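# Architecture and fold: a report
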Amino acid sequence: MGIDEMERQLNCLGFATTKPGNGFIAFQYKIPHGRFRDQAVEIALQVPPSFPDIPPSGPYIKPHLLPNTGGGGTHPFGGIHQRNKPTADFQYWSRPCNGWDQTDKNMQVYMAFLRTLFDFE
């Protein structure tokens, strides 16, 4: 469980991972559609110790794609924060993976959710 299990699942999906510390796992991601289509970003996820029972919180994204807006607002522009995690060059998108308990609770499910976050113009 936890970070080792998430790393195993991401690797099985073809993602090369790094562990930048403090319970994070990171990987390169090419955005498949929307405003940032074909842009390569680095995604970092803070892994709950009880993963896969609990999903990661919203993703940390580098480089910054949208302005930091702090709390409030709706997707795609609301809830974007500067948290200096795992480093200052990431921005946090507060996007919970709702309905996790009704899924297979794995990284294939989370990656499908992640793709939806970039589906806007």
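Description of the structure in this document. (Residues numbered from 1 in each chain as written. Predicted model: local features only at pLDDT ≥ 70, side-chain atom pairs only at ≥ 80, totals over all residues. Heavy atoms only, no water.)

## As for the overall build of the protein chain
Counting its regular elements, the protein chain contains two helices and six strands. Reading the secondary structure of the protein chain in the N-to-C direction produces α-β-β-β-β-β-β-α. Every one of the 121 residues in the protein chain was classed for burial, and the buried ones make up 45%. Long-range contacts, defined as pairs at least 24 residues apart, comprise 49% of the intrachain contacts of the protein chain with a sequence gap of at least 6. With the model as given, the accessible surface of the protein chain reaches about 6,100 Å², and the carbon-plus-sulfur share is 50%. Here the protein chain contributes 11 positive and 11 negative side-chain charges, whose respective centroids are spaced 5 Å apart. (Helix = DSSP H or I, 4+ residues; strand = E, 2+ residues; numbered from the N terminus. Buried < 20%, exposed > 50% of the residue type's maximum accessible area, 1.4 Å probe, protein only. Contact = heavy atoms within 4.5 Å. Areas by Shrake-Rupley, 256 points an atom, 1.4 Å probe, with all protein chains shown as cover. Lys, Arg positive; Asp, Glu negative; His and termini not counted. Charge placed at Lys NZ, Arg CZ, Asp CG, Glu CD.)

## A look at the pairing of strand β2 (residues 24–30)
In summary, the side chains of a regular strand alternate between the two faces of the sheet. Of all seven residues that make up β2, five are buried, and the element is covered over most of its length. Judged from the three bridges that link them, strand β1 (residues 17–21) and β2 form a sheet pairing that is antiparallel. Among the inter-strand pairings, Thr18 is bridged to a residue of β2, identified as Ala26. The turn joining β1 and β2, which pair antiparallel and follow one another in sequence, is formed by two residues; a positive phi near 55 degrees is taken by Asn22. (Pairing = 2+ DSSP bridges.)

## A few points about the pattern of salt bridges
Any two side chains of opposite charge can pair, on the condition that their charged atoms come close. This model, assessed by the stated rule, comprises six salt bridges. Residues Asp89 and Lys62 are paired through a salt bridge, measuring 3.5 Å at the closest nitrogen-oxygen approach. Of this pair, Asp89 sits in the loop between β5 (80–81) and β6 (91–93) while Lys62 sits in strand β4 (residues 60–62), and the two are 27 residues apart along the sequence. Using a relative accessible area of 37% as the deciding quantity, one classes Asp89 as partly exposed. Overall, Lys62 belongs to the partly exposed group, its relative accessible area being 25%. A network of salt bridges, in which partner residues are shared, links Asp4, Glu7 and Lys19. (Salt bridge = Lys/Arg side-chain N within 4 Å of Asp/Glu carboxyl O.)

## Focus on helix α1 (residues 3–12)
Looking at α1, one finds that the buried residues are Glu5, Met6, Glu7, Gln9 and Leu10. Gly14 sits one or two residues past α1 and shows a positive phi near 95 degrees.

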